[in-house]
Amino acid sequence: MQEIINVKGLTKSFQHLTAVNNLSFTVFEGDVYGFLGQNGAGKSTTIRMLSSLVAPTKGEIEIFGLNLQTHRSEILKQVGAVIEKPDVYKYLTAFENLKLFARLSGVNVSAKLIMAQLDQVGLVHRAHDKVKTFSQGMKQRLGIGIALVHNPKLIILDEPTNGLDPQGIADIRNLILHLSREMHKTLIVSSHLLNEIEQVATRVLIIDKGAKVIEGDATTLFDPAQTIVELQTFNNSYALEQLRLSKWGVHLKTGRDHSILINIHRNQITEFHRELVNMDIPVLSLQPRHSLEDYFLQVTSGNQHVDTYSN
Amino acid sequence: MWTLIQIELFKIFRRPRTYIAFAAIFSLIAIIQFGLKLDGDSYVDFMMRDITSSLTIEGKILNGYQVCYITLQILLVHVPLLIALVAADMISGEANMGTLRFMLTRPISRTNFILAKFIASVVYTLMLLIWLAIMALFVNMLLFGTDDLFLLKSQYVVLLKRDDIFWRYLWAFGFAALAMTTVASLGFLFSLFAENSIGPIVATMSVIIFFTILSTLNIPVFNTIKPFLFTTHMIGWKEFFDIKVNDANEAIVGSIQNPGRIWQSALVLFVHIIGFLAASVLIFKKKDILS
């Protein structure tokens, strides 16, 4: 598979803050590359470096086999990006915005093509309305339309579902899947909405405090057989004590005042339940939780957040 | 580059804010014209009260050329604010809207981007000056007619013949364009450092007010820096209305009293423009876009 993006040792420091720290990853052709991290983890800074908005302090970015710093224009001709909010000119119409950005991309598109592009993102009926009258979801779709207007090979979407209602989120998800499956684009999608990434990503990178936590195939990383089970009892301290002493102690992940998390294989849930009864632990509930969310909490400092919250 | 300039001009002239300056100039000049049309003679009497005892004046003092000069004296102090409204918004406005991100992810060089924006703001400045010229010169010529121009300087009086005036106004407007481009380039430079346009507009006006006060203060300690302040040279357009006299103390038609001073002022303004623009390009090329 052809490498589309190859990032090596990427670092960005702002005075005393290191936003991205020695980050390396590879995106292959056809990937929907999920870029996960909590707020402030360094996702946006990385995305901005990939889009040449921010200069790296150290490290190299190669896109399409070319160095981004030395071949910026050449690379950006094949990249479409929506960074954070899709802010466009509110005093212009959707049609005018699309035409303006097409010209900036060096493409002289016809009115017919612009309308076709607007149709693709479901805005053809609002083509000649000023953007200031658009909803957030419509602006987001217009932003993606602009990112696609020059038919790029690589599309970078930074937090594309931010501020959208459930219908807007579903629209964007379908659009991402369409771009990947029907149009064979390579996409990088950053988000802190884990279930969104889980539904679209083929490969995933999780970063925390600017550094890589893990990178790999979404299907391997989020093995549905591995389940986080949330246990609630009438006496959690007693339950925690008993579990730590038992064979389940090694699977214990995070405890809260009113719940205990344990990472086990799905087939072990019945056995686990039986042993809880045997250990005389007064169970209130035993509930499998969303795998990706818990995986994310497991591999990032989100664990600390949970502990802090509970204490 | 041409495409970028076209796009920037398109954006400038599609924004309602752009037309505030044109409307403001129209309103201000219309008020002056209305006042002078209604009660111009009283104004002239007031203006001439100290010299009518020693001079006999024939002809029409309040004519289009005179009104234009009065208008420029009043307005050219305030036009920088109108210029700053757009020039100081060129980058900061885009950062504020968030469109700067979108723009700079396109395959355009940052140098071309900043130059196109600067050229667009200069075009806007020129358009505003042309509008000022139409309103202050041509409309006044139509409303008040033309005659000799009588100017009271601090220590002498200048009388310019009717046929020797029009070309001076054209040069004066050209010089004013250079002065206003200096203001635009300063506002443009400030717009790199902010994510809303209020800060750069206020900063531009503050610098102009501060430098103007320094330029006009008659305190010897400031005399050494005055020649280097661009505000000292912004009123250089008035030099076009000073005329040479021969040995018989007669005005030499088509002459300018001190052309060297005009060239010097123009050079200082031009150096400022280049300096502000070069700084803008260098800073913007290395700027991280975090808006």
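Please read all numbers here as calculations on a predicted model, not as lab measurements.

Draft legend 1. Highlighting the overall build of chain B. When helices and strands are counted, chain B shows 11 helices and two strands. Listed N to C, the secondary structure of chain B is α-α-α-α-α-α-α-β-β-α-α-α-α in terms of helices and strands. Over its C-alpha atoms chain B spans a radius of gyration of 21 Å, differing by no more than 12% from the 19 Å that the globule rule assigns to 291 residues. When its C-alpha atoms are laid out on the principal axes, chain B stretches across 70 × 45 × 30 Å.

Draft legend 2. Fine view of unusual backbone geometry. Residue and element names in this part refer to chain A. One non-glycine residue with positive phi stands out, namely asparagine 22, at about 55 degrees. In this structure, asparagine 22 sits in strand S2 (residues 17-28). When the 14 C-beta atoms within 10 Å are taken as the criterion, asparagine 22 is described as partly exposed. The phi torsion at glutamate 159 lies on the positive side, around 50 degrees, for a residue other than glycine.

Draft legend 3. Looking closely at the nonpolar core. Core analysis: the largest hydrophobic core is formed by 142 residues, its most contacted members being A:Tyr33, A:Ile156, A:Leu187, A:Val189, B:Ile83, B:Ala176 and B:Met180. With 15 residues, helix H8 (residues 166-190) of chain B is the single largest residue contributor to this core. In this view, B:Ala176 contacts B:Leu76, B:Leu129 and B:Trp237; residues no more than four positions away in its chain are not counted. Counting residues in hydrophobic clusters, the runner-up holds 11 residues, among them A:Ala239, A:Leu243, A:Ile262 and A:Ile281.

Draft legend 4. Molecular detail of the interface of chain B and chain A. Across the contact, 19 residues belong to chain B and 23 residues belong to chain A. Those elements that provide at least two residues to the side of chain B that touches chain A are helix H1 (2-14) and helix H6 (99-104) of chain B. Residues that form the side of chain B that touches chain A fall into these classes: eight nonpolar, five polar and six charged.

Draft legend 5. Region of interest: the sheet that holds strand S4 (residues 58-63) of chain A. Residue and element names in this part refer to chain A. Taking strand neighbours across the sheet as the criterion, the four strands line up as S2-S1-S4-S5 in an open arrangement whose pairing is antiparallel. Pairing within the sheet leaves two strands with one partner each, and these edge strands are S2 and strand S5 (66-67). Where strand S1 (residues 3-14) and S2 come together, eight bridges link them in antiparallel fashion. Note on S2: the bridge partner recorded for serine 13 is threonine 18.

Draft legend 6. Main features of the sheet that holds strand S9 (residues 203-208) of chain A. All names here are of chain A. The sheet built from six strands is open, its strands ordered S6-S7-S8-S3-S9-S10 with mixed pairing. Edge positions in the sheet fall to strand S6 (79-82) and strand S10 (211-217), since each of these pairs with one other strand and no more. Sheet twist, expressed as the average angle between the axes of neighbouring strands with direction ignored, equals 15 degrees. Bridge count between S9 and S10: six bridges; the pairing is antiparallel. Each bridged residue has a counterpart across the sheet, and for valine 204 the counterpart in S10 is glycine 216. The sheet contacts of helix H1 (residues 43-50) involve strand S3 (32-36), strand S7 (154-158), strand S8 (186-191) and S9, and relative to S7 the element is tilted by about 150 degrees. Lying over the sheet, helix H5 (residues 136-148) contacts S6 and S7, oriented at roughly 160 degrees with respect to S6.

Draft legend 7. Broad picture of the environment of B:Leu151. All names here are of chain B. Along the chain, leucine 151 turns up in strand S1 (residues 149-152). In the structure, leucine 151 is positioned 91 residues away from aspartate 242 in sequence and 9.1 Å away in space, judged by C-alpha atoms. Leaving out residues up to four positions away in the same chain, leucine 151 has contacts with Tyr69, Val158 and Phe241.

Draft legend 8. Highlighting the confidence of the model for chain A. Residue and element names in this part refer to chain A. Taken over all residues, the pLDDT of chain A has a mean of 82, while the share at 70 or more is 89%. In the model of chain A, helix H12 (residues 302-310) stands out as the element of lowest mean pLDDT, 41, in contrast to S5, which has the highest, 92. Counted against residues more than four places away or in other chains, residues 301-311, with its pLDDT under 50, gives 14 contacts.

Draft legend 9. The packing of helix H2 (residues 18-48) of chain B against helix H7 (residues 110-144) of chain B, seen in detail. Residues and elements named next belong to chain B. It is the contact of H2 with H7, at a shortest axis distance of 10 Å, that shows an interaxial angle of 20 degrees. By the angle between their directions, the pair H2 and H7 is classed as roughly parallel. The chirality of how H2 crosses H7 is right-handed. Side by side, H2 and H7 meet where Thr18, Ala21, Phe22, Ile25, Phe26, Ile29, Gln33 and Lys37 of the first sit next to Tyr124, Leu128, Trp131, Leu132, Met135, Ala136, Asn140 and Leu143 of the second. Here the contact of H2 with H7 is composed, by residue class, of 12 nonpolar, three polar and one charged.

Draft legend 10. The packing of H2(B) against helix H3 (residues 64-75) of chain B, seen in detail. All names here are of chain B. Packing of H2 against H3 brings their axes to within 11 Å, and their N-to-C directions diverge by 135 degrees. Classified by the angle between their axes, H2 and H3 sit oblique to one another. The way H2 lies across H3 gives a crossing that is right-handed. Within the contact between the two elements, H2 uses Leu28, Ile29, Ile32, Gln33 and Leu36 and H3 uses Val67, Thr71 and Leu75. Its residues assigned to classes, the contact of H2 with H3 comprises six nonpolar, two polar and no charged.

Draft legend 11. Seen up close, the pairing of S1(B). Residues and elements named next belong to chain B. Pairing analysis gives four bridges linking S1 to strand S2 (residues 157-160), with the strands arranged antiparallel. Its bridge partner lying in S2, leucine 151 is registered against valine 158. Connecting S1 to the antiparallel partner S2 that follows it, the hairpin turn spans four residues.

Draft legend 12. Structural view of H8(B). Relative to the 36 Å expected for 25 residues at 1.5 Å per residue, H8(B) spans 36 Å between its end C-alpha atoms, a close match to the ideal helical length. Counted residue by residue, H8(B) has 20 buried out of 25 residues, so it is predominantly covered.

Draft legend 13. Focus on helix H10 (residues 269-278) of chain A. The buried count for H10(A) comes to one of 10 residues, which makes it a mostly uncovered element. Just beyond H10(A), the residue with positive phi is A:Asp280, at close to 65 degrees.

Calculation criteria
Residues numbered from 1 in each chain as written. Chains lettered and ligands numbered in written order. Predicted model: local features only at pLDDT ≥ 70, side-chain atom pairs only at ≥ 80, totals over all residues. Helix = DSSP H or I, 4+ residues; strand = E, 2+ residues; numbered from the N terminus. Rg over C-alpha atoms; globule rule 2.2 N^0.38 Å. Buried ≥ 20, exposed ≤ 12 C-beta atoms within 10 Å, placed from the backbone. Core = buried A, V, L, I, M, F, W, Y, C linked by C-beta atoms within 7 Å. Contact = placed C-beta atoms within 7 Å. Nonpolar A, V, L, I, M, F, W, Y, C, P; charged D, E, K, R; others polar. Pairing = 2+ DSSP bridges. Axes fitted to C-alpha atoms, helices over the stretch in contact; angles between N-to-C directions. pLDDT = per-residue confidence, 0-100. Parallel < 35°, antiparallel > 145°, perpendicular 65-115°, else oblique. Left-handed = near helix turned anticlockwise from the far one by under 90°. Expected span 1.5 Å × (residues − 1).

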